[in-house]
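# Observations on chain architecture
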Protein chains: 2
Amino acid sequence: MADDRFHVYDTTLRDGAQQEGLNLTVADKLAIARHLDSLGVGFIEGGWPGANPKDTEFFRQARTELDLKHARLAAFGATRRAGVKAADDPLVAALRESGAPVVTLVAKSHDRHVELALRTTLEENLAMIRDTVSHLRAEGQRVFLDAEHFFDGYKSNPAYALEVVRTAAEAGADVIALCDTNGGMLPDELGEVVQEAVRSSARVGIHCHDDTGCAVANTLAAVQAGATHVQGCANGYGERSGNANLFTVVANLQLKRGFDLVPAGALADMTRIAHAITEVTNVTPNSHAPYVGTSAFAHKAGLHASAIKVDPNLYQHIDPAEVGNDMRMLVSDMAGRASVELKGRELGYELTPDHTKALVKEVKNLESQGYTFEAADASFELLLRDTVRGERRRHFEVESWRVIVERTKGGELVSEATVKVHAKGERIVATGEGNGPVNALDKAVRLALEQLYPELAKLELVDYKVRILEGTHGTDAVTRVLITSSDDRAEWSTVGVAENIIDASWQALEQAVTYGLLRAGRETL
Amino acid sequence: MADDRFHVYDTTLRDGAQQEGLNLTVADKLAIARHLDSLGVGFIEGGWPGANPKDTEFFRQARTELDLKHARLAAFGATRRAGVKAADDPLVAALRESGAPVVTLVAKSHDRHVELALRTTLEENLAMIRDTVSHLRAEGQRVFLDAEHFFDGYKSNPAYALEVVRTAAEAGADVIALCDTNGGMLPDELGEVVQEAVRSSARVGIHCHDDTGCAVANTLAAVQAGATHVQGCANGYGERSGNANLFTVVANLQLKRGFDLVPAGALADMTRIAHAITEVTNVTPNSHAPYVGTSAFAHKAGLHASAIKVDPNLYQHIDPAEVGNDMRMLVSDMAGRASVELKGRELGYELTPDHTKALVKEVKNLESQGYTFEAADASFELLLRDTVRGERRRHFEVESWRVIVERTKGGELVSEATVKVHAKGERIVATGEGNGPVNALDKAVRLALEQLYPELAKLELVDYKVRILEGTHGTDAVTRVLITSSDDRAEWSTVGVAENIIDASWQALEQAVTYGLLRAGRETL
């Protein structure tokens, strides 16, 4: 477990999930939690059990599905309602029953919010904090408190804001995280207020949003003022302008301020982890993200090759290898020997050095074209099998395919696809219709093959992601398609890349079906 | 012209253009300069004349094409080479001849860079600065100096770094901008170093990069330490993790620190300007950008409607209207009456209040579906004409179209399109082939119509941009296509939006051809 003296507290699964367009399933949340744990964060806030069924389910599954090495899970929730006992409040009960070792309670610390939003008295709000914290402590959970709107509250009524901090600390909260909920603070003023709170003898944490573009700097200013608990989100996810980017905060503190927050080996995996999480969220990764962006250490101009050779550190603020990034910029270069061997072993293959070498070369080549294998395990496994056998083998061979998209005289939009395949010595032609060209293609190929492989009836296309990879002025843009498929037991993902979106989709579809047949026990031809 | 006491200095066209994937034409640069001027920045760094032909051409065209209201142009370039006189250095001559009222010279201030990259002595570097600054001053230009790698240089050899500042100031440079070229600084340390430089009695500026996620905070720390000149880029463009986002810096200083940097009316136009620039660069706008992002004031959860009604400012750090943004989040809401009237007048139409009202409603409706008219003037004009006339009129009516994308038995990828149109009482069927479905569709429609409208032979599709607008998990993603077309005299852009990329492309193509016919003097039916 992570050291308790300084907390790295991730709230991607709760506050980060407030980001527009970000919609995480329980499986997504579990996958992200595993990535965060492998980075070595101390706490993972999983959601608000009791407030929404998905989060309740997350905590239920986490007990059996999550085997965390570093992190402890935290359940987020509010202090009890006004006028009831904490022991009798069903939402407090949900926190208790979540099984999470830590509960993070959110409480109002801004006098006007207490009156206008909670519609209760300042004194009752303090009682709610006192009662809920001590109740959960008595029941055996560790309690942190998020002091919501703390900085604006401090401006409105400093004595009351500090009273909230003291009350929570006295009731047994281990940490009082001061929240810049509206995100409007600048570092100098924020640092001064944090110092005031630290003087009130509570252990202080910090929770910042990026509305002034200063979330990371505000977090650092709070640490300098005495905060020993930093909250943030993977890749800076969060509503409005996002939360403090936890990766940037950790890298800054560890590499530039000498903090020992996560294992050095884990930090060297940060770039990969940051990208793996974007594949789960399907939020386009920010290529300019500090430390982990694909462009973060890319140089375009003004450089003197000879000087770089003599001393590369003259042109970069850290050695990119410390965060698993690369001066020459391509994330594909991360696909080193070790990770390919590791992945092969995970899949149950023992690769010879020659196989590994060939596979690394092929992965690098494909990734430079826009492929990604981080989120397309099934495509990687097919590639691996082909490499080990020295040839490409499939359950079926495609003779041709055709997609027609048509706007008819009546104004109707029709999408239709025909595929011609050979399998088991037969030639099959099938046509499918869909609400779009890819949907039609999917139907056609399954219609064709189901005659020979009835198990394909169980196969389902459950997710289709498309991303246009940046080209100059859009004209040379390449399309990457990721398809997630499932049978009745598991899910797998495949990838296709081409200028033509339909061609890219076909590649991913063909692999999805092939992998589905392998899973069903059908050996390739 | 902008006030000289505090400089807002934009370097989008020079340092911002170093961003990977950003490739600006001269016309793009002129368009961006106009947008920046309308925001009221004080200085626009246009590029490095003499170092590359595009930048030389920019300064040439700027003399006649740019009518700047607030900003002054700055030409960027290096101090003279070692061992020659500034007056004899052709690159210095290009700066002199650029016609720019300001020259910003970049000079080394890091001892190791002088020795390793410039390969000259520390003394000669000072002489190069002294000579170049005084030469350009004597020739009548104002001179600023970018002290490259200043902060790393200060760590390596503080006396020398400060000597560079003093030398430039004594030679007549108005401002010495301290550059955190590698972007590795954090605000506390940076502020202390800036104070040192300010004590050397030069006017100090600041130039930050975002490699630690602190570019904005570093800029603010420098201002607090006495800097009176801030450099940055529109939307935070720039190499690696980007430059300081000038919009965020200006909004922070003006709205939170009481600086009077740009006219209040211009600040209220900042969101629109930020997005208009993304349409020129075709860089996907960051929806989470502070102040100007579409999500910057969007709320998803945890809010109490009644409290918001009583006091919306409890839930936002500024009034979004101050930067032209909207609490309810849609940029479409920017399409207010005034801007539609203005745009109509620009195009030569006098709109009645009823027409304006109807048009605003239609624009908002379409923008909420993903359309954008900021960069699709031709689509806007067609919409306006339809609104004024109360009906949709075109030169041709489309009966149907069909696109076939096929992978043949031989492995060849074929894209073919057929369109059936009615025009001038005739029914025409034409088929085109292309290297992709959209290319095929473009060929087919022009082949069909050229028989009746020979002027279409001049029409050319010059740019095709496609963007997948974010949906939840990609599945409901909508595709937006922007097409730029030209005849022999001008360019115009049209937009299409649909789930199906081919349908979206068709919409934009059809409008492109219609607008081309209008331009050629063909009245619509």
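Attention in this report is confined to the structure presented alongside it.

Criteria and thresholds
- Residues numbered from 1 in each chain as written.
- Chains lettered and ligands numbered in written order.
- Predicted model: local features only at pLDDT ≥ 70, side-chain atom pairs only at ≥ 80, totals over all residues.
- Axes fitted to C-alpha atoms, helices over the stretch in contact; angles between N-to-C directions.
- Helix = DSSP H or I, 4+ residues; strand = E, 2+ residues; numbered from the N terminus.
- Parallel < 35°, antiparallel > 145°, perpendicular 65-115°, else oblique.
- Left-handed = near helix turned anticlockwise from the far one by under 90°.
- Contact = placed C-beta atoms within 7 Å.
- Nonpolar A, V, L, I, M, F, W, Y, C, P; charged D, E, K, R; others polar.
- Core = buried A, V, L, I, M, F, W, Y, C linked by C-beta atoms within 7 Å.
- Buried ≥ 20, exposed ≤ 12 C-beta atoms within 10 Å, placed from the backbone.
- Least-squares fit on C-alpha atoms with pLDDT ≥ 70 in both.
- Pairing = 2+ DSSP bridges.
- Right-handed = clockwise from strand over helix to strand, strands pointing away.

### Some points on the packing of helix 9 (residues 215-224) of chain A against helix 10 (residues 246-256) of chain A
Residue and element names in this part refer to chain A.
- At a closest axis distance of 10 Å, the pairing of helix 9 and helix 10 adopts a crossing angle of 45°. Here helix 9 lies oblique to helix 10, going by the angle between them. Relative to helix 10, helix 9 is oriented so that their crossing is right-handed. Here Val216, Thr219, Leu220 and Val223 of helix 9 lie close against helix 10, whose contacting residues are Thr248, Val249, Asn252 and Leu253.
- For the contact of helix 9 with helix 10, the class distribution of residues is five nonpolar, three polar and no charged.

### Notes on the nonpolar core
- Residues A:Leu145, A:Ile176, A:Leu178, B:Leu145, B:Ile176 and B:Leu178 are the most contacted members of the largest nonpolar core, which totals 204 residues.
- By size, the runner-up hydrophobic cluster in this structure holds 94 residues, among which are A:Ala376, A:Val497, B:Val481 and B:Trp506.

### With respect to the relation of the copies chain A and chain B
- Superposition record for chain A on chain B: RMSD 0.2 Å, screw rotation 180°, translation along axis 0.1 Å. Here the transformation between the copies is reduced to the relation of a two-fold axis. The rotation axis passes nearest to the C-alpha of A:Ile404 in chain A, at a distance of 2.4 Å.
- A shared binding surface is used by both copies, with 100% of the interface residues of chain A retained as interface residues in chain B.

### Notes on the pairing of strand 3 (residues 72-78) of chain A
Residue and element names in this part refer to chain A.
- The buried fraction of strand 3 is high, at six of seven residues.
- Here strand 2 (residues 43-47) pairs with strand 3 via four bridges, running parallel. In the sheet register, Gly47 faces strand 3, and the bridge partner there is Ala75.
- Remark: the strand 2/helix 2 (residues 53-65)/strand 3 crossover connection has right-handed handedness.
- For the segment spanning strand 3, helix 3 (residues 90-97) and strand 4 (residues 102-108), crossover handedness is right-handed.

### Some words on helix 9 of chain A
- Burial analysis of helix 9 of chain A places nine of its ten residues in the buried class, which makes it a mostly covered element.
- Among the residues of helix 9 of chain A, A:Ala215, A:Val216, A:Ala217, A:Asn218, A:Thr219, A:Leu220, A:Ala221, A:Ala222 and A:Val223 are the ones counted as buried.
- The elements touched by buried residues of helix 9 of chain A are helix 8 (187-199), strand 7 (204-207), strand 8 (229-232) and helix 10 of chain A together with helix 8 (187-199) and helix 9 (215-224) of chain B.
- In the segment just after helix 9 of chain A, A:Gly226 is the residue with positive phi, at about 120°.

### Here we look at the sheet that holds strand 3 (residues 72-78) of chain B
Residue and element names in this part refer to chain B.
- Strand order in the closed barrel made by the eight strands is 1-2-3-4-5-6-7-8, with parallel pairing throughout. Averaged over all pairs of adjacent strands, the angle between their axes in this sheet comes to 25°, without regard to strand direction.
- Bridge count between strand 3 and strand 4 (residues 102-108): five bridges; the pairing is parallel. Bridge pairing in strand 4 links Gly77 to Leu105.
- In this fold helix 8 packs onto strand 6 (175-179) and strand 7 (204-207), with an angle of close to 150° to the strand it touches most, strand 7.

### Some details on the sheet that holds strand 10 (residues 413-423) of chain A
- Pairing is antiparallel across the open sheet formed by six strands, whose spatial order is 11(A)-10(A)-9(A)-9(B)-10(B)-11(B). A single partner strand is all that each edge strand has here, and the edge strands are strand 11 (426-434) of chain A together with strand 11 (426-434) of chain B. Taking each pair of neighbouring strands and ignoring which way they run, the sheet shows an average axis angle of 10°.
- Alignment of strand 9 (residues 397-407) of chain A against strand 10 of chain A, held across ten bridges, turns out to be antiparallel. The partner of A:Ser400 across the bridge, within strand 10 of chain A, is A:Lys420.
- Contacting strand 9, strand 10 and strand 11 of chain A, helix 17 (residues 437-450) of chain A crosses the sheet at an angle of about 35° to strand 10 of chain A.
- On top of the sheet, helix 17 (residues 437-450) of chain B reaches strand 9 (397-407), strand 10 (413-423) and strand 11 of chain B; it is set at about 35° to strand 10 of chain B, its chief contact.

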